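Examining the three-dimensional arrangement
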Amino acid sequence: MARSVLVIGAGVAGLAAAWSARRRGASVAMISAGVGETALAGGAVDDLPWEQVERAARLLGGDLPARDLAPAARQLATELGLWDVPQAEAARLATVAGRIRPARGRDRALLDLGPLRRTRVLVPRAPRAAWDADALAEALTDEPFARARGLRFLPVDAPVLRFDDERRIADGDLAARHDDPARLHWLAERLRGAIEGAGGAGAILLGPWLGARAPRAEALSARLGVPVGEALIGAGSPAGLRFEAARDVLLDAIGVARRHGRVRAVSEARVGPGDAGERVAVHVEGEDVPLAADVVILAIGGLAGGGITYAPPERGAGTDLPARGAAPFALSLAAPVALGDGRGQLGVVSSMQGPELDVTTWPRGERPGALEAVGIRCAGVRAAPGILAAGAAIAGRARTVLDAVTTGLRAGDEA
Ligand SMILES: Cc1cc2nc3c(=O)[nH]c(=O)nc-3n(C[C@H](O)[C@H](O)[C@H](O)COP(=O)(O)OP(=O)(O)OC[C@H]3O[C@@H](n4cnc5c(N)ncnc54)[C@H](O)[C@@H]3O)c2cc1C
């Protein structure tokens, strides 16, 4: 009988784990409580935190060569069909904060400035709260990358919003309107007019509005003959919706059943009479009968994704002192695993004044703050017998999409 694997978590690490376990012939199911970090992030696909990459490039006086993806990661990216991860050179993304930053890859809706040289990038004005084309164009033109490549960002008047409510609706809702081919055609015609009005352009930068079910930027670019794409936003981008749609299509295609549910505990247990071998029991909130699997993969995310929670001992103390000191973090479910921050087990960092935030929280030099690094202590991806971990749930790993893919693939392989 095929080995049964239960993946907890439906972010990018859970997807990679499910995909690789299926490739190894396991029978795989997935359960998740909903949105995690992957669905919040903006569509940049990094292997290392980009600030680190930029610092290293500055020190070395030139761009770092991009590391190619491992074959399995590239295969997964191809099957997912959502990302462009160039072979050799990093992508360059424009952020809505006016920075141009490197990224190993990108959601295909985002504009890659990397291939552009000595040209103008149009930035259409739109009366939306988080979109200031004039300020953005000025800031981006002033970026060292733009100056070195001769890129000029030009704010232009182009009616990219069609209906009055589009001044106010969420980015995701506006992006969803461009899933409609007729609406995309309408936008292409408006942008064509903008290019003609400006006397030509090398690219067009828009807000995060180009598709909710799939990236629509390439279809626009093909119609217009110049690259069109989104700027990167900090959190809550439609890139998360696009990830979820692509993930669900891929999971269906490879035969991974998924369901909604919050896991409250995972225990190493023999479940039910007659069950062969040691199996893991997974207790779901509101359900009496536990799920069972040969192996469980905890792909539950870190602090931002909800897999780890901030739980200082003072919280339950009421008007009294806490009964005892304890590390201020907990897993979102009970499991026989230990927490750490990549340097060892978490010590007690609380005091009567609360946790020592100056010690635990802030990044110092190359060291990420504990709030980011805290997670499950593993040997590789092994957390306990029958329990593996993947992605941002693991202590001390880079919190990036491609790092989550790497550990997810490994967990799926080892399951
Ligand atoms: C705002 C933001 C911006 C980011 N920007 C970038 C970026 O520019 N580039 C980059 O490379 N990375 C970025 N990241 C980091 C990157 O998104 C994460 O490192 C990566 O997505 C982690 O994936 P994951 O699958 O490990 O976790 P998540 O995507 O967090 O998935 C965790 C899953 O576990 C589920 N879960 C948790 N607890 C339970 C439970 N008890 N029961 C059932 N299910 C549970 C959640 O519902 C969710 O489905 C960003 C993250 C955030 C939050």
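Up top you'll find the structure we're talking about.
Residues numbered from 1 in each chain as written. Predicted model: local features only at pLDDT ≥ 70, side-chain atom pairs only at ≥ 80, totals over all residues. Heavy atoms only, no water.

Bringing the sheet that holds strand β8 (residues 119–125) into the picture now. With parallel pairing, the four strands of this open sheet are ordered in space as β9-β8-β10-β11. A single partner strand is all that each edge strand has here, and the edge strands are β9 (151–157) and β11 (228–230). Across this sheet, the average inter-strand angle for adjacent strands is 30°, counted without regard to direction. Pairing between strand β10 (residues 203–206) and β11: three bridges, direction parallel. Looking at β11, one finds that isoleucine 204 is bridged to valine 228. (Pairing = 2+ DSSP bridges. Helix = DSSP H or I, 4+ residues; strand = E, 2+ residues; numbered from the N terminus. Axes fitted to C-alpha atoms, helices over the stretch in contact; angles between N-to-C directions.)

What follows deals with the environment of alanine 246. Along the chain, the position of alanine 246 falls in helix α10 (residues 239–254). Taking relative accessible area as the criterion, alanine 246 reaches 14% and is therefore assigned buried. When the C-alpha positions of alanine 246 and leucine 80 are compared, they lie 6.0 Å apart, and in sequence the two are 166 residues distant. Among all residues touching alanine 246, those that are not within four sequence positions of it are Leu80 and Leu82. (Buried < 20%, exposed > 50% of the residue type's maximum accessible area, 1.4 Å probe, protein only. Contact = heavy atoms within 4.5 Å.)

Our focus in this paragraph is unusual backbone geometry. Phi is positive for arginine 118, close to 40°, though the residue is something other than glycine. By secondary structure assignment, the location of arginine 118 is in the loop between β7 (105–107) and β8.

Turning next to the site of the ligand. Within the structure, the ligand sits among 36 residues, and Gly34, Glu37, Thr38, Asp46 and Arg101 are positioned closest to it. Within the backbone of alanine 33, a nitrogen or oxygen atom sits 3.0 Å from a nitrogen atom of the ligand. Counting residues per element, the ones that place at least two in the shell around the ligand are α1 (12–23), α2 (37–40) and α13 (401–414). (Near = heavy atom within 4 Å. Polar contact = N/O pair within 3.5 Å; in protein donor to acceptor, adjacent residues only side chain to side chain.)

Here the focus is α1. With 12 residues, α1 should reach 16 Å at 1.5 Å per residue; the first-to-last C-alpha distance of 16 Å fits that figure. Of all 12 residues in α1, 10 are buried; the element is thus mostly enclosed. Along α1, the positions that sit buried rather than exposed are Val12, Ala13, Gly14, Leu15, Ala16, Ala17, Ala18, Trp19, Ser20 and Ala21. Where α1 terminates, the next one or two residues include glycine 25, which has phi positive at roughly 90°. (Expected span 1.5 Å × (residues − 1).)

Attention shifts here to the packing of helix α8 (residues 181–197) against helix α9 (residues 217–224). Put simply, α8 and α9 touch, their axes get as near as 10 Å, and they point 45° apart. Judged by the angle between their axes, α8 and α9 are oblique. Viewed along their axes, α8 and α9 form a crossing whose handedness is right-handed. Residue-level inspection shows Pro181, Leu184, His185, Leu187, Ala188, Leu191, Arg192 and Ile195 of α8 in contact with α9, the latter providing Ala219, Leu220, Arg223 and Leu224. Partitioned by chemical class, the residues of the contact of α8 with α9 number nine nonpolar, one polar and two charged. (Parallel < 35°, antiparallel > 145°, perpendicular 65-115°, else oblique. Left-handed = near helix turned anticlockwise from the far one by under 90°. Nonpolar A, V, L, I, M, F, W, Y, C, P; charged D, E, K, R; others polar.)

It is worth spelling out the layout of surface pockets at this point. Where empty space is left can be seen by rolling a probe of water-molecule size over the atoms. Its boundaries defined by the atoms lining it, the second largest pocket holds a volume of some 540 Å³. Only α3 (50–60), β6 (100–103) and α6 (144–149) provide two or more residues apiece to the lining of the second largest pocket. The element that contributes the greatest number of residues to the lining of the second largest pocket is α3, accounting for five residues. Grouping the constituent residues of the lining of the second largest pocket by class yields 13 nonpolar, one polar and 11 charged. (1 Å grid on protein atoms, 1.4 Å probe; cavity = no way out; pocket = protein on both sides within 12 Å on 5 of 7 lines; lining within 4 Å. Points joined across faces, edges and corners; volume = space filled by probe spheres on them.)

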